[in-house]
Amino acid sequence: MQYQTESWGSYNLGFGGDVGLAADTSLLRLESLVAESAVVIFSVSTCCMCHAVKGLFRGMGVSPAVHELDLHPYGGDIQRALIRLLGCSGASSPGALPVVFIGGKLVGAMDRVMASHINGSLVPLLKDAGALWL
């Protein structure tokens, strides 16, 4: 099932020079992965915060598509694209992963997901995306 995603075509990744094509390719890969499921989590298999956010969704009865970037063949490129989308300064930026998309839209990293959960806006997002039936 495909989910409508926001167009990121005009988003400037800021890599510049000859790597612009690589940046565009990373964005296309990212868009394709985000469109595959109602909830998509980009994670690192050894990250405790990533484990926690996956547990949160699974505990709510949601089956997210999880992409472990340390195990993915293009994981480094995808992670750099995600970091640029989040506005982080570098690959080692705290809070850069996990990154969650719901219904094809960027929710954000762990802080945004937990804030949405605490303020009660996460469940409606999941319902609207068709990821949760209550």
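Residues numbered from 1 in each chain as written. Predicted model: local features only at pLDDT ≥ 70, side-chain atom pairs only at ≥ 80, totals over all residues. Heavy atoms only, no water.

- As recorded in an unreviewed UniProt entry, the protein goes by the name Glutaredoxin domain-containing protein, listed as coming from Brassica oleracea var. oleracea.
- The protein has a UniProt comment under Sequence similarities (unreviewed entry) that states "Belongs to the glutaredoxin family. CC-type subfamily."
- Quoted verbatim from the Subcellular location (unreviewed entry) heading of the UniProt record, the comment on the protein is "Cytoplasm". (UniProt positions renumbered as here; feature names shortened; annotations may be inferred.)

Details of the pattern of salt bridges
Any two side chains of opposite charge can pair, so long as their charged atoms come close to each other.
Turning to step 1, where the next piece is worked out: Applying the stated criterion across every chain yields a total of two salt bridges.
Turning to step 2, where the next piece is worked out: Lys54 serves as the salt-bridge partner of Glu68, at 2.6 Å between the closest nitrogen and oxygen. Remark: Lys54 occurs in helix α2 (residues 48-59) and Glu68 occurs in strand β2 (residues 65-68); sequence separation between them is 14 residues.
Turning to step 3, where the next piece is worked out: On the basis of relative accessible area, Glu68 is assigned to the buried category, the value being 18%.
Turning to step 4, where the next piece is worked out: A salt bridge links Arg80 to Asp77; its shortest N-O distance comes to 2.5 Å. (Salt bridge = Lys/Arg side-chain N within 4 Å of Asp/Glu carboxyl O. Helix = DSSP H or I, 4+ residues; strand = E, 2+ residues; numbered from the N terminus. Buried < 20%, exposed > 50% of the residue type's maximum accessible area, 1.4 Å probe, protein only.)

Observations regarding the layout of surface pockets
Turning to step 1, where the next piece is worked out: Each pocket or cavity is described by its volume, and for the largest pocket that value is around 160 Å³.
Turning to step 2, where the next piece is worked out: Elements with a contribution of two residues or more to the lining of the largest pocket: α3 (75-86), β4 (105-109) and α4 (110-119).
Turning to step 3, where the next piece is worked out: Ranked by the residues each element gives to the lining of the largest pocket, the list is headed by β4, at four residues.
Turning to step 4, where the next piece is worked out: A class-by-class count of the residues in the lining of the largest pocket yields six nonpolar, two polar and two charged. (1 Å grid on protein atoms, 1.4 Å probe; cavity = no way out; pocket = protein on both sides within 12 Å on 5 of 7 lines; lining within 4 Å. Points joined across faces, edges and corners; volume = space filled by probe spheres on them. Nonpolar A, V, L, I, M, F, W, Y, C, P; charged D, E, K, R; others polar.)

Thoughts on α2
Turning to step 1, where the next piece is worked out: In a regular helix each residue adds 1.5 Å, so twelve residues correspond to 16 Å; α2 covers 16 Å between its end C-alpha atoms and thus fits that length.
Turning to step 2, where the next piece is worked out: What α2 keeps buried is the set Cys50, Val53, Lys54, Leu56 and Phe57. One face of α2 carries all of its buried residues, which in axial projection span an arc of 155°. Away from its buried face, by an angle of more than 90 degrees, α2 presents the exposed residues Cys48, His51 and Gly59.
Turning to step 3, where the next piece is worked out: Phi for Gly61, located one or two positions after α2, is positive at around 90°. (Expected span 1.5 Å × (residues − 1). Arc of directions from axis to C-beta.)

Here we look at the confidence of the model for the protein
Turning to step 1, where the next piece is worked out: For the protein, the average pLDDT comes to 82, and 78% of its residues sit at 70 or higher.
Turning to step 2, where the next piece is worked out: Note on residues 1-19: pLDDT under 50 across the span, and 38 contacts to partners over four residues away in sequence or across chains. (pLDDT = per-residue confidence, 0-100. Contact = heavy atoms within 4.5 Å.)

Quick look at the packing of aromatic side chains
Two aromatic rings are characterised by how far apart their centres lie and by the angle between their planes.
Turning to step 1, where the next piece is worked out: By the definition in use, this model includes one aromatic pair.
Turning to step 2, where the next piece is worked out: Their ring planes at 80° and their centres at 5.9 Å tell us that Phe42 and Phe101 sit as a pair that is edge-to-face. With a gap of 59 residues between them, Phe42 in strand β1 (residues 39-43) and Phe101 in strand β3 (residues 99-102) connect regions that are remote in the sequence.
Turning to step 3, where the next piece is worked out: What makes Phe42 buried here is its relative accessible area of 0%.
Turning to step 4, where the next piece is worked out: Its relative accessible area of 1% is what places Phe101 among the buried residues.
Turning to step 5, where the next piece is worked out: The ring of Tyr74 has Arg29 lying over it, and the distance from NZ or CZ to the ring centre is 3.4 Å. (Phe/Tyr/Trp six-rings, centres within 6.5 Å; stacked < 30°, edge-to-face > 60°. Lys NZ or Arg CZ within 6 Å of the ring centre and 35° of its normal.)

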